[in-house]
Every structure is written in structure tokens, then in C-alpha cells.
Amino acid sequence: MRKTVLFLAALLLVLSAGFAQAGQKYRIGGATYGLVGEYMKLWATALERHPAVVQGLVDLTIFDGRYDASVQQSQFETMSSQGYDAILFVPIDIEAGAAAVATAHANDVIVVGSNTRVNSDLLTAYIGSNDVISGYMEAKAVIAKMGGKGNVVIIEGPIGQSAQIERREGNLKAIAEYPEVKVLEMRTANWSRAEALALMENWLTAHPGQIDGVIGQNDEMALGAVQAIKAAGLDVKDFAVAGIDGVSDAIMAVKNGEMDLSILQDAVSQAQGALDIALGYLVKDYQPMSDCWKDYPEMKWNGGKDKNYDVPWTPITKDNADEQWAKRQDLTAR
Amino acid sequence: MPEEASAPGKPGKFWTIVWELRIAIALIIICFALSLATPYFMRERNLINVLRQVSVNGLLSIGMTFVILTGGIDLSVGSMLAFGGVVTASFVSNAFKDIPSINPFLAIFLGLAAGTLLGAINGVVISKVKVTPFIMTLGMLSIARGMTYIYSNGMPITDLDKTFLQVGQGYASFLPIPVAIFLVAFLIAWVVLYRTKFGRYVYAVGGNARSARISGINVGFIVFMVYVISGFLCALAGTLLTARTSAGLPQAGMSYELDAIAAVVIGGTSMTGGKGSLIGTLLGVLLIGFINNGLDLLSVSSYYQQVCKGMIIVGAVMLDYFQSDSDR
């Protein structure tokens with residue numbers, strides 16, 4: 001038994017040494033906040049399919065932050081000590097990642113933030129989408145379907161997370177433009193479909209016939225609300241329902257007319273764009289390889305040296321749901 | 001009240017009855033208060049809603065009652081729920097490409113088998129290898145969750161068979177199917193616990209494992225079986241939740257063990273085993289469900305719900321403490 005263990009350990013050592021010496025590749029780490037949940041899976045998959053990774057220019061390792069800032073911190077320490085060239089960083093929270101970024105900076109590792117901002121000046125660059133805008137867009141769409149007046153309920157993310165704070169800001173900004181729109185309820189369901197389902201069932205009981213629109217701060221919760229509406233024997237089409245993120249199930253729901261809108265948070269562009277930006281600092285005269293710069297002409301490459309890159313949101317409605325669905329099928333195919 | 005009950009010798013008959021019915025009385029008081037506070041509470045539709053919302057926790061709590069009666073604990077219920085749910089979902093999904101879609105009943109059977117298997121692993125390790133239930137099921141909490149992510153590739157399994165969704169969304173005459181399943185499971189569990197030798201042995205093992213062994217009870221088998229039952233019921237709950245939310249969600253059931261244990265404890269079952277009742281658990285499940293529902297109807301922040309639930313759990317255990325004091 002002990003011999004086997006020793007042998008395995010020795011084998012591991014030899015193998016890892018071998019990998020470390022292989023070629024002049026750039027070692028880049030993708031530091032995700034956690035690999036559970038569709039968004040981060042898509043983000044990681046998109047990175048693995050970036051042309052630079054496929055062609056072997058980049059040696060990519062994806063790290064699972066397990067929803068814990070201290071896990072991410074120790075992963076940064078590991079990457080720094082192992083001589084990674086760059087880290088693509090999706091922090092669990094806006095305030096939680098600053099120490100990790102400082103660790104990398106002290107070791108001259110480039111850190112490109114993606115998806116969620118970090119409160120740190122040491123970040124080399126950031127690429128993401130503005131959550132206030134998505135919150136505004138979804139509330140606008142819901143109110144538009146309601147004809148500019150009526151009662152809405154807002155299902156919020158975990159209170160205090162940056163996405164919740166900013167999406168709420170956007171939600172309320174849109175609602176403030178319509179004096180005849182009233183917010184009946186605003187509560188958290190912690191991004192969870194099952195929690196939102198029970199919450200919406202209870203709201204439908206507490207406000208019978210009064211709810212006209214549902215603003216879910218993510219798709220999962222909007223989908224939970226749709227289930228509750230169906231369970232109550234009501235017609236989903238009588239409600240305006242919107243969510244954010246563009247998860248597969250939501251695209252499907254838009255296709256079926258159960259949701260009016262989902263707003264795609266483009267994981268592919270946020271991931272591949274971040275890798276392009278990192279390579280821009282590592283490779284002389286680097287030209288971006290990802291399609292995302294062509295997909296969004298309004299997002300300018302500018303030599304790769306901007307501090308901020310804003311990935312536009314793509315509304316998914318009945319008109320483009322089929323196209324988005326096909327794209328997603330392609331990305332999730334194993 | 002506990003003072004009266006603990007008076008040496010014979011407590012007043014009235015207070016004995018009050019004590020026996022304490023959970024039912026608490027439930028009635030809460031329902032009464034809620035129906036005064038909001039006109040929507042006592043409506044048929046709301047009551048049906050509550051029953052549907054508690055059916056998942058109800059199934060977990062039945063299994064948990066068996067386990068706790070033997071003096072054990074099952075921390076892995078939420079993870080086993082998720083595993084059973086995604087396994088079932090994978091067999092009725094048109095989007096899950098690794099596995100073809102099959103007959104929904106067969107799919108449910110496979111999901112239940114998967115959960116039962118995990119429960120059996122808990123049972124074998126606890127009864128044969130003598131790893132304490134707390135440690136084994138804590139390990140299983142992590143193992144089953146990890147297996148769920150591996151199996152589902154960390155993504156929700158969607159696009160499920162329409163017939164299958166009826167299990168969570170349909171009605172059996174006026175009762176939602178999840179409620180009907182919960183009630184049937186409860187009745188079967190009641191018969192098993194109170195009308196069979198096995199049920200008496202469950203109590204005997206929890207009361208005093210050693211004397212149970214001496215009197216010829218196969219203690220290992222009883223302990224093994226309660227974890228199997230728990231695993232089975234978790235998978236059943238996972239299947240219901242999957243059908244209710246129209247997706248096999250790998251994150252489903254996180255920290256559901258807390259609500260299940262809370263319901264059992266509120267229901268008066270002793271954490272040291274041997275004492276308690278299934279009816280008590282049912283009342284505990286309803287109590288938690290009504291409180292959550294009532295606070296939602298009254299637009300009370302969910303933060304207060306958590307404080308409230310915690311206080312009820314501690315309060316219930318404190319009452320039991322006074323009670324067992326009076327037994328001495």
C-alpha cells in the first residue's frame with residue numbers, strides 16, 4: 001500500500017515537472033468563483049475554445065473558486081508562485097477579490113477582471129457587462145408589455161451582492177420613470193428557482209389578480225415565477241415576465257412564450273475577450289483572435305490597452321430566440 | 001406550563017393533555033393568528049399551496065424521523081435529493097444528450113434507485129464499519145453533491161417530458177400530486193412504524209441499542225434500513241422538486257437538512273433516539289410551512305423568517321428538556 005502511494009507520488013512529480021517544461025507557452029489561469037451553475041460553465045467552455053488555446057499558444061488551467069473568497073485567494077497564491085503569466089479573474093464578490101489581485105500584482109502577474117468587477121486599482125483591465133443597464137432594460141420591457149401602468153413584483157438576488165445591488169438600481173430607475181407603476185413586493189429568492197417558486201405562489205395569494213409584471217433579477221428566479229403562475233392555474237401570457245443572463249431554460253421559455261424577455265449576459269465574449277486582453281499585454285503586436293470583437297462593433301479593441309471593456313447585453317425575445325438557442329446548443333455540446 | 005407538568009408525583013390531568021398536544025396547539029394558535037392577520041391565509045388555494053410547498057420537506061422529514069428515532073442523524077438528505085432529482089431528470093430530458101429519453105415511470109424508478117443506493121451506502125458504513133452517523137452523512141453530503149455535479153456537468157437538466165412534469169404540477173382530483181404522494185408516503189411510513197415489528201425495533205434500537213441487541217434484535221439491519229428509507233424518500237422528494245420546477249437542478253436541496261431536522265425536533269422527537277412520533281413530525285413540517293407562508297403573505301422580510309424558525313427549534317428543544325427533567 002505504502003509503495004503504491006510512493007510510486008503514484010513520484011509519478012505525479014515527474015509528470016508535473018514534464019508539463020512545466022513543455023514549450024514556450026503562456027500559462028494562463030481562469031479563476032472562476034465556482035463551476036456550479038450554467039454561467040460559469042459556459043464561461044469556462046468558451047475559454048477552452050478560444051483560438052489561442054486551441055492552437056496551443058496558451059496553456060490554460062481553470063480554477064474552481066467554490067464560492068469562497070479565501071479559496072480564490074489561495075488559488076492566486078498558487079498561480080503566483082507557479083509563475084503564471086496572467087490570470088483571468090471572476091471574483092465571488094466585488095469587495096472580496098482585492099487582496100487576491102494584490103498578491104498577483106506583487107508577483108508581476110497580469111490580472112484581467114471578467115464579469116464581476118473588483119474594487120482594486122491593481123487590476124490590469126476589466127471586461128464585463130454593466131448590471132445597472134440590464135436591470136433597466138428588463139424593467140423597461142416588463143413595463144412596456146404592461147402598457148406603462150400596473151403592479152410589478154421584483155425577485156431579487158442575494159442582498160448585498162454587486163449584481164443584486166446594480167440590477168436593483170436599474171430596475172428602480174426604470175420604474176421611477178412611470179408614476180403609474182407600483183412595486184407590490186420586492187424580496188430576495190437568492191438566485192434560486194425553487195425559492196422564487198414558493199415566493200411567487202404566496203404573492204399570488206396575497207395579491208390576487210393584482211400582479212401584472214414580474215421582474216426577476218436572474219432567469220432562474222423568473223422561471224420559478226412562471227412555474228408558480230402556471231401552478232395557480234393562471235395564464236402566463238397575462239403576465240409580463242423578464243429575467244437576466246440568458247440561461248438555456250430561459251431561452252426555451254422565451255421561445256415558448258412563457259417569458260417575454262431574457263437578457264443575454266454574454267459569457268463567451270466576457271471570457272474570450274479577457275483572454276485576448278491578457279495576451280495583448282504578453283505578446284508583441286497581438287491581434288485579438290476571438291470573434292467577440294466582430295460580434296460587437298461598438299466594443300472597440302483600441303490596441304487592447306483600455307482599462308474597461310463593456311460587453312453589450314443582448315435582449316432575447318421571440319424574434320431571436322431560435323438563433324440564440326442554436327448558438328447555445330453549439331456551446332454546450334460535449 | 002412545564003413547571004406544572006414537572007410537579008413530582010402526578011401532574012394535573014389537564015396539563016398532561018396540553019403537553020401531549022402542545023405542537024397541535026401551537027399550530028392552531030399560529031393558524032388562528034395568521035387568519036386574523038391576513039384574509040388570504042385561510043383560503044383553500046393558499047392552504048393547498050402550503051401543502052404543496054411542504055411536501056418536499058415533508059418527505060425528507062419522514063425519513064429523518066426514522067433515522068433520528070434510532071439515535072442517528074442524516075445530514076446528506078439535501079444532496080441525495082439533488083442526486084435523485086438529476087438522475088430522474090436525465091432520463092426524461094430531451095436536452096441531455098448522453099442518455100436517451102425513456103418512459104417517465106421507469107425514469108422515476110431509476111432516480112429512486114439512485115437515491116436508495118446512496119442511502120444504502122450510508123447504512124452499510126454506519127451499521128457495519130461503525131462510522132458515526134454524523135461523520136458518515138456529513139461525508140455523503142459532500143460526496144452526493146459532487147456526484148450530482150459530475151453527473152449533470154454542473155448544468156441544469158431541462159426540456160423534460162410533459163407527462164413527467166405532471167408528477168410535480170398535476171392534480172389527483174383536488175389534491176396536487178406532490179401532496180398526494182406525500183400523504184401516501186406518510187400513511188405507509190405510519191403503518192411501518194406503528195403496525196410492524198420493524199417499527200417497534202426502530203424505537204427499541206434508539207431507546208437502548210444494547211438491550212435491543214440482547215433481546216435478539218438485528219440492530220445492524222434496523223440501522224441500515226432507516227438510512228435506506230431516508231435515501232429513498234430523498235430521491236422521491238428530488239423527483240417531485242424536479243417535476244415542480246421543470247428542471248433537474250444540481251444545486252437543489254442545499255441546506256434542506258436543516259428544515260428536515262427542524263421539523264423532526266419541533267415535532268418532539270428526541271435527538272438521542274427512542275422517543276418521538278411521526279404525527280409530531282407532520283405537525284412540525286406544517287408549522288414551518290405555515291410560518292414561512294404567513295410571513296410571505298404579510299410581506300415580512302425573509303431575514304425574520306430565519307430568526308423565527310431558529311427560535312422555534314430552540315424553544316421546542318427547551319420544552320423537551322423540561323419534560324425529560326420531569327421523567328427523572
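Keep in mind it's a predicted model, so treat the numbers as computed, not measured.

Analysis parameters
- Residues numbered from 1 in each chain as written.
- Chains lettered and ligands numbered in written order.
- Predicted model: local features only at pLDDT ≥ 70, side-chain atom pairs only at ≥ 80, totals over all residues.
- Helix = DSSP H or I, 4+ residues; strand = E, 2+ residues; numbered from the N terminus.
- Rg over C-alpha atoms; globule rule 2.2 N^0.38 Å.
- Buried ≥ 20, exposed ≤ 12 C-beta atoms within 10 Å, placed from the backbone.
- Contact = placed C-beta atoms within 7 Å.
- Expected span 1.5 Å × (residues − 1).
- Arc of directions from axis to C-beta.
- Pairing = 2+ DSSP bridges.
- Right-handed = clockwise from strand over helix to strand, strands pointing away.
- Axes fitted to C-alpha atoms, helices over the stretch in contact; angles between N-to-C directions.
- pLDDT = per-residue confidence, 0-100.
- Domains from an automatic or database assignment.
- Nonpolar A, V, L, I, M, F, W, Y, C, P; charged D, E, K, R; others polar.
- Core = buried A, V, L, I, M, F, W, Y, C linked by C-beta atoms within 7 Å.

S.K.: Help me out: how do you make sense of the overall build of chain B in this one?
M.R.: The number of helices and strands found in chain B is 15 helices and two strands. On C-alpha atoms alone, chain B measures out to a radius of gyration of 20 Å, which is about the 20 Å that the 2.2 N^0.38 rule sets for 328 residues. With the principal axes as the frame, chain B shows a C-alpha extent of 70 × 55 × 35 Å. Sorting the 328 residues of chain B into buried and exposed places 50% on the buried side. For chain B, the share of sequence-separated contacts (at least 6 apart) that also reach a separation of at least 24 residues comes to 77%.

S.K.: Would you explain helix H4 (residues 69-81) of chain A in this entry?
M.R.: Spacing of three or four residues puts side chains on the same side of an α-helix, whose turn is 3.6 residues. All names here are of chain A. For H4, built from 13 residues, the straight-helix expectation of 18 Å at 1.5 Å per residue is met to within 8% by its first-to-last C-alpha distance of 19 Å. Those residues of H4 that sit buried are Gln72, Gln75, Phe76 and Met79. One face of H4 carries all of its buried residues, which in axial projection span an arc of 105°. Buried positions along H4 lie against strand S1 (26-32), strand S2 (58-64), strand S3 (86-89) and helix H5 (98-106). Following H4 by one or two positions, glycine 83 has its phi on the positive side, about 70°.

S.K.: It is not clear to me how the pairing of strand S9 (residues 240-245) of chain A should be interpreted in this structure. Could you clarify?
M.R.: When a strand is regular, its side chains alternate between the sheet's two faces. Residue and element names in this part refer to chain A. In terms of burial, S9 is largely enclosed, as six of its six residues are buried. Burial of the side chains of S9 extends over both faces: Ala240, Ala242 and Ile244 are buried on one face and Val241, Gly243 and Asp245 on the other. One ladder, built from three bridges, connects strand S8 (residues 213-216) with S9; its direction is parallel. If you follow glycine 213 over to S9, its bridge partner there is alanine 240. Following the chain from S8 across helix H9 (residues 219-231) to the adjacent parallel S9, one finds a crossover that is right-handed. Here S9 runs beside strand S10 (residues 261-264); their pairing, made up of four bridges, is parallel. Of the residues in S10, the one forming a bridge with isoleucine 244 is isoleucine 263.

S.K.: What is the right way to look at the sheet that holds strand S12 (residues 314-316) of chain A in this model?
M.R.: Sheet strands associate in pairs through backbone hydrogen bonding, adopting either a parallel or an antiparallel arrangement. Residues and elements named next belong to chain A. One open sheet accounts for six strands, arranged S7-S6-S8-S9-S10-S12; its pairing is mixed. A strand with exactly one partner marks an edge of an open sheet, and here the two such strands are strand S7 (181-188) and S12. Across the sheet, the mean angle from the axis of one strand to that of its neighbour is 20°, orientation sign disregarded. Here three bridges tie S10 to S12, and the two strands are oriented antiparallel to one another. In the strand pairing of S12, isoleucine 263 is matched with proline 315. Helix-sheet contacts for H9 involve strand S6 (150-156), S8, S9 and S10, and the interaxial angle to S9 is about 155°. The sheet contacts of helix H10 (residues 248-255) involve S9, S10 and S12, and relative to S10 the element is tilted by about 140°.

S.K.: So what exactly am I meant to see when it comes to the sheet that holds strand S4 (residues 110-114) of chain A here?
M.R.: Residue and element names in this part refer to chain A. In space, the six strands of this open sheet follow the order S2-S1-S3-S4-S5-S11, with parallel pairing throughout. Edge strands, defined here as strands with exactly one partner in the open sheet, are S2 and strand S11 (308-310). Neighbour-to-neighbour, the strand axes of the sheet open up by a mean angle of 20°, direction not taken into account. Where S4 lies against strand S5 (residues 125-128), three bridges are found, and the strand directions are parallel. Looking at S5, one finds that valine 112 is bridged to alanine 125.

S.K.: Help me out: how do you make sense of the confidence of the model for chain A in this one?
M.R.: Detailed reading of the predicted model is not advised wherever pLDDT is low. Residues and elements named next belong to chain A. Averaged over all residues, the pLDDT of chain A is 89; the fraction at 70 or higher stands at 93%. The secondary-structure element of chain A with the lowest mean pLDDT is helix H1 (residues 2-21), recorded at 53, while S8 shows the highest, at 97. Between residues 17-22, whose pLDDT stays under 50, and residues either more than four places distant or in other chains, the model counts zero contacts.

S.K.: Can you walk me through unusual backbone geometry in this structure?
M.R.: Peptide bonds are trans in most cases, and residues, glycine excluded, mostly fall at negative phi. Even without glycine at this site, tryptophan 191 of chain A takes up a positive phi of about 60°. Judged by C-beta crowding, with 23 C-beta atoms within 10 Å, tryptophan 191 of chain A ranks as buried. Despite not being glycine, lysine 130 of chain B shows a phi value in the positive range, around 65°. Note that lysine 130 of chain B resides in the loop between helix H6 (104-129) and helix H7 (133-152). Judged by the 10 C-beta atoms lying within 10 Å of it, lysine 130 of chain B is exposed.

S.K.: Would you mind going over the domain arrangement of chain A with me for this structure?
M.R.: Residues and elements named next belong to chain A. For chain A, the domain assignment lists domain 1 (2-129 + 266-311) and domain 2 (131-264). Taking the mean C-alpha position of each, domain 1 and domain 2 sit 33 Å from one another. On the side of domain 2, seven residues touch domain 1, which itself brings eight residues to the contact. Here the residues of the side of domain 1 that touches domain 2 sort into two nonpolar, two polar and four charged.

S.K.: Whenever I open this one, the nonpolar core confuses me. Can you help?
M.R.: One broad rule of soluble globular proteins: the nonpolar side chains tend to lie buried together. By size, the foremost hydrophobic cluster in this structure holds 142 residues, and its most contacted members are Ala222 and Ala225 of chain A together with Leu60, Leu81 and Ala237 of chain B. When residues in this core are grouped by element, the largest group, 17 residues, is from helix H12 (residues 219-245) of chain B. Non-local contacts of leucine 60 of chain B, meaning those with residues more than four positions away in its chain, are made with Val77, Leu81, Leu233, Cys234, Ala237, Tyr256 and Ala260 of chain B. Within the second largest apolar cluster, 48 residues are counted, among which are Trp43, Tyr84, Ile87 and Ala271 of chain A.

S.K.: I tried to follow the interface of chain A and chain B on my own but got confused; where do I start?
M.R.: The extent of an interface is frequently quoted as the accessible surface area lost upon association of the parts. Between chain A and chain B, the contact holds 26 residues from the first and 29 residues from the second. Looking at the side of chain A that touches chain B, the elements with two or more residues in it are helix H2 (38-48), S7, helix H8 (193-206), H9 and H10 of chain A. The element contributing the most residues to the side of chain A that touches chain B is H8 of chain A, with nine residues. The class makeup of the residues in the side of chain A that touches chain B is nine nonpolar, eight polar and nine charged.

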